[in-house]
Amino acid sequence: MDIKKVFVLGAGIMGSGIAHLCAQQGLNVVLVDIDEGILKKSLAGIEGILNKKVAKGKMTEDAVKEMVGRIKISTDKNEAASCDFVIEAVTENINLKQKLFKELDEIVPDEIILATNTTACSISEVASVTKDPSRVVGMHFFNPAVVMKLVEIMPGLATKPEVAATTKEFVESLGKEPVVTAKEGIAGIASRVLAGMLNEAVWVLEEGIGTAADIDKAMKMGSNLPMGPLALIDMIGIDTHLAKTRNLYVKLGDARYRPCYLLEKMVHAGYLGRKAGKGFYDYTQDPPVPTVLK
Ligand SMILES: NC(=O)c1ccc[n+]([C@@H]2O[C@H](COP(=O)([O-])OP(=O)(O)OC[C@H]3O[C@@H](n4cnc5c(N)ncnc54)[C@H](O)[C@@H]3O)[C@@H](O)[C@H]2O)c1
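Scope of this entry: the structure provided in the associated data block. (Residues numbered from 1 in each chain as written. Predicted model: local features only at pLDDT ≥ 70, side-chain atom pairs only at ≥ 80, totals over all residues. Heavy atoms only, no water.)

**Observations concerning the overall build of the protein**
Phase 1: Assigned secondary structure in the protein consists of eleven helices and ten strands.
Phase 2: Against the globule reference of 19 Å for 294 residues, the protein gives a C-alpha radius of gyration of 19 Å, in line with a compact fold. (Helix = DSSP H or I, 4+ residues; strand = E, 2+ residues; numbered from the N terminus. Rg over C-alpha atoms; globule rule 2.2 N^0.38 Å.)

Structure, rendered in C-alpha cells:
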C-alpha cells in the first residue's frame, strides 16, 4: 500500500472532514465538488478549526499553512486520474453515486480502489455500474470524521478480499479503528443499529409524547448518550438521515425503519439541520432553541 494522494469527491460535511483527516495525517488531498462555493466554504471551515488550535497554542500558524496547503480544491473529477485512493462522499442518492462511479471508473487507473462513504446505499448496487466491481468498497467514516474513532469497511458481494484488506490498512494508517463487516448489509453495523433509535425519536416527537428538548434530555440522561437523538439527526443532516432511513425501509422491507413524514416536510422547508442553520433546533439562536414544527 503506497497511498500519498487521496481523491475525495464531495466537499460537504463528510468530504470536508475526510479531507481534513487525510491532510492531518500528512497526505495530499484533491477535494472535488460540483459547487465551487461549497469547496471554498469547506476549506475555510478546515482552516477555521485549525486556527482555533493556534489560538490555544496547540498548533503553529506555519503548520496550519502546510496542512491546508496539502488540500487542493477543484471542480474537475479528472484530477482523480493521478490519485492513489478514491473516496466518494457526495449526497446520499444511489442514482447520483452510480453516475459518478461510472465516470470515475473511466478516469481512475484499474488498480486504484474506489471507496464510497455511503451510509445506506448498497455497495454492490453502486459497484454494478463499473467494469470491475471487485475494486469498489464501502468505507464509512463517522461524523465528525476527524474526531470519531471508527471507520466501517463494508465490502460488496464482488469486492476482492485484498481491496477490503488494503482499505483496512489505510484506515489504520489514518489513526482510526476499522471494523470490517462480514458481508454486505444495508448501512453496516453502527448506522443500522443507530437508525432504529433515531427513527423512533422522530416518531415520539411526531406523536407529541415529548418535546425535542425533552426527548434529547431523556435519552442523554436516561441512556448516557453524549448527545440527544434529535440533535444528532441535525448534525447528520435531515436530508441525509431521511435518505438513509428510506433506503433501510425499502431494502429491508422492515416497518422499524418507516421514516416519519415530518422529515420529508422538513427537507422541503429547507430545515436540513445544522448545515442549514435550522432543523429540530434553530442554530441561529445562541443557545439553539427547538424549532416550531407545525
Ligand atoms: N452526515 C453524516 O453524518 C454522515 C456520516 C457518515 C456517512 N455519511 C454519508 O456521506 C455522504 C455525504 O454526506 P454529507 O453529510 O457529507 O452530505 P452533504 O449534503 O453535507 O454533502 C454532499 C456534497 O455532495 C456534493 N455533490 C452533489 N452532487 C455532486 C456531484 N455531481 N459532483 C460532486 N459533488 C457533488 C454537494 O455539492 C455537497 O457538497 C452520504 O453518502 C452520507 O450518507 C454522512
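**Considering the site of the ligand**
Phase 1: As a structural note, the neighbourhood of the ligand is formed by 24 residues, with Met 14, Asp 33, Glu 92, Thr 119 and Ile 236 the closest of them.
Phase 2: Here Gly 12 contributes a backbone N or O atom positioned 3.4 Å from an oxygen atom of the ligand.
Phase 3: Within the contact set of the ligand, an oxygen atom lies 3.3 Å away from a backbone nitrogen or oxygen of Val 90.
Phase 4: Burial of the ligand by the protein amounts to 90% of the accessible area it has alone, namely 830 Å².
Phase 5: Per-element accounting of the shell around the ligand gives the leading share, three residues, to helix 4 (residues 94–107).
Phase 6: In terms of residue class, the shell around the ligand is made up of twelve nonpolar, eight polar and four charged.
Phase 7: The two domains that each donate at least three residues to the shell around the ligand are domain 1 (5–180) and domain 2 (190–287). (Near = heavy atom within 4 Å. Polar contact = N/O pair within 3.5 Å; in protein donor to acceptor, adjacent residues only side chain to side chain. Areas by Shrake-Rupley, 256 points an atom, 1.4 Å probe, with all protein chains shown as cover. Nonpolar A, V, L, I, M, F, W, Y, C, P; charged D, E, K, R; others polar. Domains from an automatic or database assignment.)

**Examining the pattern of salt bridges**
Two side chains of opposite charge can pair, provided their charged atoms sit close to one another.
Phase 1: In the structure shown here, the tally under the stated rule is 15 salt bridges.
Phase 2: Two residues, Lys 168 and Glu 172, come together in a salt bridge whose shortest N-O distance is 3.8 Å. With Lys 168 and Glu 172 both in helix 6 (residues 161–173) and four residues apart, this pair spans about one turn of that helix.
Phase 3: Assessed through its relative accessible area of 34%, Lys 168 is described here as partly exposed.
Phase 4: A salt bridge links Asp 239 to Lys 275, with the shortest nitrogen-to-oxygen separation between them at 3.0 Å. One end of the pair, Asp 239, is in helix 10 (residues 238–252); the other, Lys 275, is in the loop between helix 11 (261–269) and strand 9 (281–282), with 36 residues separating them in the sequence.
Phase 5: Here Lys 275 falls in the partly exposed class, since its relative accessible area comes to 38%. (Salt bridge = Lys/Arg side-chain N within 4 Å of Asp/Glu carboxyl O. Buried < 20%, exposed > 50% of the residue type's maximum accessible area, 1.4 Å probe, protein only.)

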